[in-house]
Amino acid sequence: MRTKNISKHILAGATALLIGVNSIGQVDRSQPPKPQPNPEINLEIPEIVNMDNGLKVIVVENHKLPVVSFQLFVDYPTLPEGNKAGMQSIFGELLGSGTESYTKDEFDAKIDFMGASIFTNARGFYASSLKKHTTKLLELLNEVVTKPSFPEKELDRIVNQTISGLATQKSDPNTMASNVSSVVNFGKDHPYGEIVTEESLNNIKVDDIKKHYSQYFVPNKAYLVIVGDVSQEEAMGYANKYFGDWKRGGEMKKQTYDVPSYKGNNVYFVDKPGAVQSQITITNTVELTPGHPDAIKVSVMNKILGGGGFSGHLMKNLREDKAYTYGCYSSIGTDPLNASFSAGGSFRNEVTDSAIVQILYEIDWMTNNLVTDDELELIKNSMTGSFARSLESGRTQANFALNMARYNLPKDYYSNYLTRLEKITKEDVLETAKKYLRPDNLNIIVVGNAEIAEKLDVFDNNGGMEVRDAFGDEATLQQLKAVPDGVTLESVINNYVYKTFMVSNKEEYDAKMNKIGMIIKEYTGSMSIQGMNLSLFITTYAGKPNKTATQTIIKTPQGDMKQKEYFNGEKGATSAPFVGTEKYEGDKLEQKKMNSFPLSQLTYANNKFLDVELMGIEEKEGKEYYKIKVQEKGKDNEYGFEYYSVETGLLELEESFTVADLQDGNGEQTIMSTTVFSDFKEVKGGLYLAHTTKISSSVQNITTTLNKVVVKKKPKSSAFDGSF
């Protein structure tokens, strides 16, 4: 093929040269050449093969690497879950948690031995391996599809793990805003408006999982996508052998759901006491199904508004011009049931109302003005490049075929994509904005400190702002209660210290501390991170006057990982695998020197590195707590709250927040971690300590149990010098 084309390229080049020479005098070199229209792309969309049991198979050959992947997608209708919200997600994880022939550990071991990968979800799985392991992988996938065991022990583990994750959602502003957006946009009777709660998770039983599997996980609603180093004949042989015995199920009707109708803009506020930023989400529902004639126009319009990164109107206005935020974005997509539009970001408290004004202004501007030629071309060129790059992936053709089948798209939908994109005009963008943005019919959700709530009523057109809780339910705005006369930051901390050491006053405390110079604690625990469950062994040391040391051993399938921290009063360091050792220097060293045995809270009153404030009394789940805010001076992006029980005086809850830039540099996210201390008991040496600690965040969940406490008179240990 290459040899035959050489002469054609030479001839074409010579012809172009002659034309160029003859027309030199006619070229206007003051003007850049006009871009040529995008050509129609000749895509080879694979045909779908229907098996006897109704399973539809899509095969894409890609022989560049000796790898084969299998994707199963079961296209059952979107289902409401009612008081069992979260069930389908739990089903998806449980699907890969054991079969009739293998326990979860045995199944995982076989996958690991092959160097393969498998990820299950509510609608199937994605799995891949080297071609030489294909049949072994398919034997396991056959078990997943036709013989899942749904063990109750694994269900309990997944439910408990998910419940632990909910603890962070109650205080994570992004999740809170998402929950409220779902409820007010779609309503609680709509599948998209159902919110997963601890109660709904506890309602899920194994019988629910099995019923869902038998009724909806059926081949006649499924697509099997096979991509890689495989021929069509081989692939169909695999499909028939390993999925041909999957039994057909009953027919299913597509379900539709109503969404709430409303007029004017509606404001919903979610109280997040102590927040230094407001999370703003401005949203509504749109009717935009996959393959809709307006879909590409809507994408272009949205990228100009705020979906195109730094080139978007929202970013230019609210970040570059006003400096209200690191990032402000918009999104709008297609959905076979109901889609939605959304715009917003995180903003400083003092500019919350101003930010809403500017976001609404930009949305309204798009519905009344033509965009410029330059920004339209910029977005169209960007989308052209993204589409072209997507064609480099071997899975793109398979995904195109899957979408065409699912949504009944015309055969030329993707081959004419660039042609349709090129034809979009400024007038098309304006008309599309008028049709879909609806600037006078929006839900405005704000998650933040109560001090900003009074500024929000002005944006509501229907009787004033509504207050919602973290899960979208109606709520009342709760102000922190004032602390009683005589209660101060110092008195709360002292009471905590006295309760911990089981004394009544300073004299008793001083007398007891004369006999204690070091406290050693040993913990065991478990950590769940990215689906892996790992064992932990932790030993902590605290010694007079400011010595500390901690060693953490993490048991992994690849071996033990050890992390340590140590400080002997004058010097120290942290050490961890893949990170190395970092010595305490500068301010970090000075902060370590300010630590006070036996509890760091004893330095709060005069710590030059921290701003510590007793904010008031907050009620959480029926209990009252003294709420203390702790923030390192000069670090507005890091802060935390400590909650001391009004009844017991003990520290029972901590929340920490870090505002970090996203990896792609486009905006920021708030990372939140919650630590719950419980099961307080007396230990030898006269200390009253929490024996269970649960740490929850978006990336990991850790539970530890205190097993042993040793109290010594002298603070002597090699651990303070890093030798454990």
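Remember, it's a predicted structure, so these values are computed and weren't measured experimentally. In this numbering scheme, every chain counts its residues from 1 along its sequence in written order. Reporting in this predicted model follows two pLDDT cut-offs: at least 70 for local features of residues, and 80 or more for side-chain atom pairs to be given and counted; totals over whole chains, interfaces and linings ignore these cut-offs and use all residues. Excluding hydrogens and water, the side-chain values take into account all heavy atoms of the structure.

## Digging into the confidence of the model for the protein
Thought 1: Each residue carries a pLDDT value, the predictor's own confidence for that position, ranging from 0 to 100. This prediction gives the protein a mean pLDDT of 90; 92% of its residues lie at or above 70.
Thought 2: Below a pLDDT of 50 lies the segment residues 1–27, which in the model reaches zero contacts outside its immediate sequence neighbourhood of four places, other chains included. For this analysis, residues touch if any pair of their heavy atoms sits within 4.5 Å.

## Digging into the pairing of strand E9 (residues 328–332)
Thought 1: Throughout, exposure labels follow a simple rule: accessible area from a 1.4 Å probe, protein chains only, divided by the maximum for the residue type, with under 20% read as buried, over 50% as exposed, and the rest as partly exposed. A helix here means a DSSP run of H or I that spans at least four residues, while a strand means a run of E at least two residues long, and both kinds are numbered starting from the N terminus. Side chains of E9 alternate between two faces, with Cys328, Ser330 and Ile332 buried and Tyr329 and Ser331 left unburied.
Thought 2: Between any two strands, pairing holds if DSSP finds at least two bridges. Note: E9 against strand E10 (residues 339–348), five bridges, orientation antiparallel. By the bridge assignment for E10, Ser331 is matched with Ser342.
Thought 3: Between E9 and E10, which follow one another and run antiparallel, lie six residues.

## Section: the packing of helix H10 (residues 295–307) against helix H12 (residues 352–366)
Thought 1: Viewed as axis vectors pointing N to C, H10 and H12 meet at an angle of 150°, and their least axial separation amounts to 11 Å. Relative to H12, the element H10 is oriented roughly antiparallel. When the axes of H10 and H12 are compared, the crossing they make is right-handed. Each of Met301, Ile304 and Leu305 in H10 lies in contact with H12, whose residues at this interface are Glu362, Ile363 and Met366. The convention used is that axes are lines fitted to C-alpha atoms, helices contributing only their stretch in contact, and that angles between N-to-C directions extend from 0 to 180 degrees. Oblique is the label for every angle not falling under 35 degrees (roughly parallel), over 145 degrees (roughly antiparallel), or within 65 to 115 degrees (roughly perpendicular). Crossing chirality is assigned from the near helix's rotation relative to the far helix, an anticlockwise turn below a right angle marking it left-handed and a clockwise turn marking it right-handed.

## Quick word on the packing of aromatic side chains
Geometry of an aromatic ring pair is reported as the spacing of the ring centres plus the angle between the planes.
Thought 1: Only the six-membered ring of Trp is used, alongside the rings of Phe and Tyr, when aromatic pairs are assigned; centres must lie within 6.5 Å, and planes under 30 degrees apart are stacked while those over 60 apart are edge-to-face, with the rest tilted. Taken as a whole, this structure holds 23 aromatic pairs when the rule is applied.
Thought 2: With 5.8 Å between their ring centres and 50° between their planes, Tyr76 and Tyr216 make a pair best called tilted. Placement of the pair is Tyr76 in the loop between strand E3 (67–74) and helix H2 (87–95) and Tyr216 in helix H8 (residues 206–216), with a sequence separation of 140 residues. Judged on exposure class, the residue Tyr76 and its partner Tyr216 are both buried.

## Notes on unusual backbone geometry
Note: most residues except glycine have negative phi, and most peptide bonds are trans.
Thought 1: Of note, the bond from Lys544 into Pro545 is cis; its omega dihedral lies within 30 degrees of zero at -10°.
Thought 2: Residue Pro598 is bonded to the preceding Phe597 through a cis peptide linkage, with omega at 5°.
Thought 3: Here Pro598 shows up in the loop between helix H19 (586–593) and strand E19 (610–620).
Thought 4: Backbone geometry at Phe150 places phi at a positive 45°, although glycine is not the residue there.

## So, H2
Thought 1: The buried count for H2 comes to seven of nine residues, which makes it a mostly enclosed element.
Thought 2: Taken together, the buried positions of H2 are Met87, Gln88, Ile90, Phe91, Gly92, Leu94 and Leu95.
Thought 3: Looking at the buried side of H2, the elements it contacts are strand E4 (117–121), strand E5 (124–130), helix H4 (134–146), helix H5 (152–169), helix H7 (198–202) and H8.

## Regarding a nonpolar patch on the surface
Thought 1: Taken together, the side chains of Leu65, Val67 and Leu130 define a hydrophobic patch exposed on the protein surface, amounting to about 250 Å² of accessible area.
Thought 2: On the secondary structure map, Leu65 appears in the loop between strand E2 (56–61) and E3. To count toward a patch, a residue needs a relative accessible area over 30% and no salt bridge; like charges are then connected within 9 Å, while nonpolar side chains (Val, Leu, Ile, Met, Phe, Trp, Tyr) are connected within 5 Å. With residues, only the protein chains shown are counted as cover, and all accessible areas are computed by Shrake-Rupley using a 1.4 Å probe. The working definition used for a salt bridge is a side-chain nitrogen of Lys or Arg within 4 Å of a carboxyl oxygen of Asp or Glu.

## Let's talk about the sheet that holds strand E1 (residues 48–50)
Thought 1: Read across the sheet, six strands follow the order E1-E2-E6-E3-E5-E4 without closing on themselves; strand pairing throughout is mixed. Two strands in the sheet have a free side with no partner beyond their single neighbour: E1 and E4. Averaged over all neighbouring strand pairs, the angle between strand axes comes to 15°, with direction disregarded.
Thought 2: The sheet contact formed by E4 and E5 spans five bridges and is antiparallel. Across the sheet, Ser117 pairs through a bridge with Ser128, a residue of E5.
Thought 3: Strands in contact with helix H9 (residues 232–243) are E1, E2, E3, E5 and strand E6 (222–228); relative to E2, the strand with the most contacts, it is inclined by about 145°.

## Some points on the environment of Val458
Thought 1: Positionally, Val458 belongs in the loop between strand E11 (443–448) and strand E12 (466–468).
Thought 2: Along the primary structure Val458 and Ser678 are separated by 220 residues, whereas in three dimensions their C-alpha atoms are 44 Å apart.

## Quick look at H10
Thought 1: The first and last C-alpha atoms of H10 sit only 14 Å apart over 13 residues, clearly below the 18 Å expected at 1.5 Å per residue.
Thought 2: Looking only at H10, the buried set comprises Ala295, Ile296, Val298, Val300, Met301, Asn302, Ile304, Leu305 and Gly306.
Thought 3: Positioned one or two residues after H10, Gly309 has a phi angle of 75°, which is positive. Given a helix with a known number of residues, its expected span is that number minus one, times 1.5 Å.

## A look at the pattern of salt bridges
Thought 1: Under the criterion given, the structure shown has 26 salt bridges.
Thought 2: Note that Arg406 and Asp75 form a salt bridge whose closest N and O atoms lie 3.3 Å from each other. Highlighted residues: Arg406 in helix H14 (residues 396–407) and Asp75 in the loop between E3 and H2, separated in sequence by 331 residues.
Thought 3: According to the relative accessible area criterion, Asp75 is buried, its value standing at 18%.
Thought 4: Among the ionic pairs, Lys627 bridges to Glu618, the shortest N-O distance being 3.0 Å.
Thought 5: Classification of Glu618 as buried rests on a relative accessible area of 10%.
Thought 6: When salt bridges with common partners are traced through the structure, they connect Glu618, Lys620, Lys627 and Glu655 into a single cluster.

## Thoughts on a positive patch on the surface
Thought 1: Positive charge collects at one region of the surface, where Lys515, Lys713, Lys714 and Lys716 lie side by side.
Thought 2: Counting through the fold element by element, Lys515 comes out in the loop between helix H18 (506–513) and strand E13 (518–529). All tallies of charge rest on Lys and Arg as positive and Asp and Glu as negative; His and the ends of each chain are not included. Lysine's charge is taken at NZ, arginine's at CZ, aspartate's at CG and glutamate's at CD.

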